[in-house]
Amino acid sequence: MQDDRQNMATVKPDFEPEELRVANMASLVMLPFSEDAHSVVEAILRQTISFQRKQGRRERGLTASSARSLKATIAALLGDLLDAALNTEANGYCWRESDKGKFKNTLATSRHYETLKEEWHLMGLMDVVPGFRGSSDWDGVKYYPDMPHKRWATRLRATPLLLNVLAEHGITPQTVTLHFRQDLKKSKPLTLRATKLKGQAKARVIQYPKTAVSEALEADVTEINAFLSEWEYSFGAPPVLYRLFNNGDTADYQWDMGGRFYGSASTYLNWKSEGRKGIQIGGEATAEIDIQACQLTLLHGLFGVGYEVGTDLYQIEGTDRDDVKQTINVIVGNGRVSSRSDPVQDKVLDRYPFLYDLEDRGLNSLRLQAIDSTIMNQTLLTLKREYNIPALPVHDCLIVRIRDIDSAQEVFGDVFYEHSDVRPTMTVER
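Calculation rules
Residues numbered from 1 in each chain as written. Predicted model: local features only at pLDDT ≥ 70, side-chain atom pairs only at ≥ 80, totals over all residues. Heavy atoms only, no water. Helix = DSSP H or I, 4+ residues; strand = E, 2+ residues; numbered from the N terminus. Buried < 20%, exposed > 50% of the residue type's maximum accessible area, 1.4 Å probe, protein only. Contact = heavy atoms within 4.5 Å. Areas by Shrake-Rupley, 256 points an atom, 1.4 Å probe, with all protein chains shown as cover. Phe/Tyr/Trp six-rings, centres within 6.5 Å; stacked < 30°, edge-to-face > 60°. Lys NZ or Arg CZ within 6 Å of the ring centre and 35° of its normal. Pairing = 2+ DSSP bridges. Axes fitted to C-alpha atoms, helices over the stretch in contact; angles between N-to-C directions.

Draft legend 1. Layout of the overall build of the protein chain. Within the protein chain one finds 13 helices and 14 strands. Dimensions of the protein chain, computed from C-alpha atoms along their principal axes, come out at roughly 75 × 50 × 40 Å. Counting the 430 residues in the protein chain, one finds 50% classified as buried. Considering only contacts within the protein chain whose residues lie at least 6 apart along the sequence, 72% involve residues at least 24 apart. Summed over its atoms, the accessible surface of the protein chain is roughly 21,400 Å², and 46% of this surface lies on carbon and sulfur atoms.

Draft legend 2. Quick peek at the packing of aromatic side chains. Summed over the entire model, instances satisfying the criterion amount to 11 aromatic pairs. Here Phe103 and Tyr113 contribute two aromatic rings whose centre-to-centre distance is 5.4 Å and whose plane-to-plane angle is 45 degrees, an arrangement assigned as tilted. Linking Phe103 in the loop between strand E3 (94-96) and helix H4 (110-123) with Tyr113 in helix H4, this pair joins segments that are 10 residues apart in sequence. Note on Phe103: relative accessible area 6%, which makes it buried. Every member of this aromatic cluster is reached through a ring pair, and the members are Tyr208, Phe245, Tyr253 and Trp255. The side chain of Arg96 reaches across the aromatic face of Phe103, ending 4.8 Å from its centre. Looking at Arg423, its charged tip hangs above the ring of Tyr417, at a distance of 4.8 Å from the centre.

Draft legend 3. Spatial organisation of the sheet that holds strand E5 (residues 154-158). With mixed pairing, 4 strands are arranged side by side in an open sheet as E1-E3-E5-E4. Across the chains shown, the open sheet's two edge strands, defined by having one partner strand only, are strand E1 (24-25) and strand E4 (126-129). By the bridge criterion, 4 bridges tie E4 to E5 in an arrangement that is antiparallel. Bridge pairing links Met126 to Ala158 in E5. In this fold helix H3 (residues 64-85) packs onto E3, E4 and E5, with an angle of close to 80 degrees to the strand it touches most, E5. Sitting on the sheet, H4 touches E3, E4 and E5, and the angle it makes with E4 is about 110 degrees.

Draft legend 4. The arrangement of the pairing of E5 in detail. With 5 of its 5 residues buried, E5 lies for the most part within the structure. Neither face of E5 is exposed, since Thr154, Leu156 and Ala158 on one face and Arg155 and Arg157 on the opposite face are all buried. Strand direction decides the pairing type here: E3 and E5, joined by 3 bridges, are antiparallel. Paired with Cys94 across the bridge in E5 is Leu156.

Draft legend 5. Structural view of the sheet that holds strand E8 (residues 242-245). Taken in spatial order, the 3 strands line up as E7-E8-E9 in an open sheet, and their pairing is mixed. Two strands lie at the open edges of the sheet, namely strand E7 (190-192) and strand E9 (258-262), each paired on one side alone. Pairwise comparison of adjacent strand axes, ignoring direction, gives a mean angle of 25 degrees for this sheet. As defined by bridge partners, E7 adjoins E8 across 3 bridges and the pair is classed as parallel. What sits directly across from Leu192, in E8, is Phe245. Against the sheet, helix H12 (residues 365-387) touches E8 and E9, its axis set at about 50 degrees to E9.

Below is the structure:
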């Protein structure tokens, strides 16, 4: 097989650079979950082999072992392509490195992946943008496909033809969780990103050393995922969660930036609140428990400032509530008060003067996420270990069965108080 760079013509590419920058990795850990998924994997396997024979690239049939590994690779790649199709920001692209060593923790084999990458492109099933090297300020004009070293891994995307084949089997990107699920044993419970640079769409993922802290964090997420996998959900396959930490390249990093729970593009975490209302767990209706003004409430506790539970902390007389919320989010996000004169900020600071001290205390949105995600992590484990209650996290919200509302609120509130010395204001939406 030719090197990727030999397959790429030295012309301006027919895609937007930003689409490639924000693509997510194809993890290749998806398994067929439904009869339709198994059926389409078999169909595409036959189609691929038939194409190879017509092109004179296959004379003999597959051994049983090779057939199993090729089917597993097909299923894993289909699941990722479907999931990526939901990433409209990346226009359906995902990326995958070709390094053989990177396939150890996947369900695919490097050999079969390389075969599918070439054959599916020729069959019109998959768009392929081979890996290349470009400048850091590449804008779609600067383009260096003939450089010997690559900075960008190959980008992949399902074509309309492949999506039509899948649709004929009743499978669409929107229903991917009904047909494919992640293999828990292959899924990574933690993701660590570097500090986001100015103008960068998304900070790069970095490797982290195994320490007692990282292993404990991994063990918690693995336990949560294993428990969630025991239940049935109206949206299909059980979600496989991971915690996303940030700024991991800072000196003496302590896993204290970010850390909230995330899932693949197709998970309920990326649905709007209206879409989440129909979620069922074990065939039972659910409710969403939300901590109001979560980070502002945490700051009250961290600065030792009391407040009356039930108070709308974003409500300041004479000021639009949305403006107050947005201003507070900007201040907390930046970790400092803006030097610009702003009447809304002035009223916010009159109400919450402790915001002046954020920078001195090293507090910002990512630091507070580390606290609220720790609260969520402990809440999920407590509900599992002490109550056998399944709960789905949505950042600072919790989805539970209606019958579990009281217990979940009690645990959620107690854990929040344990980490902040204040009681949160919670609302329940059924």
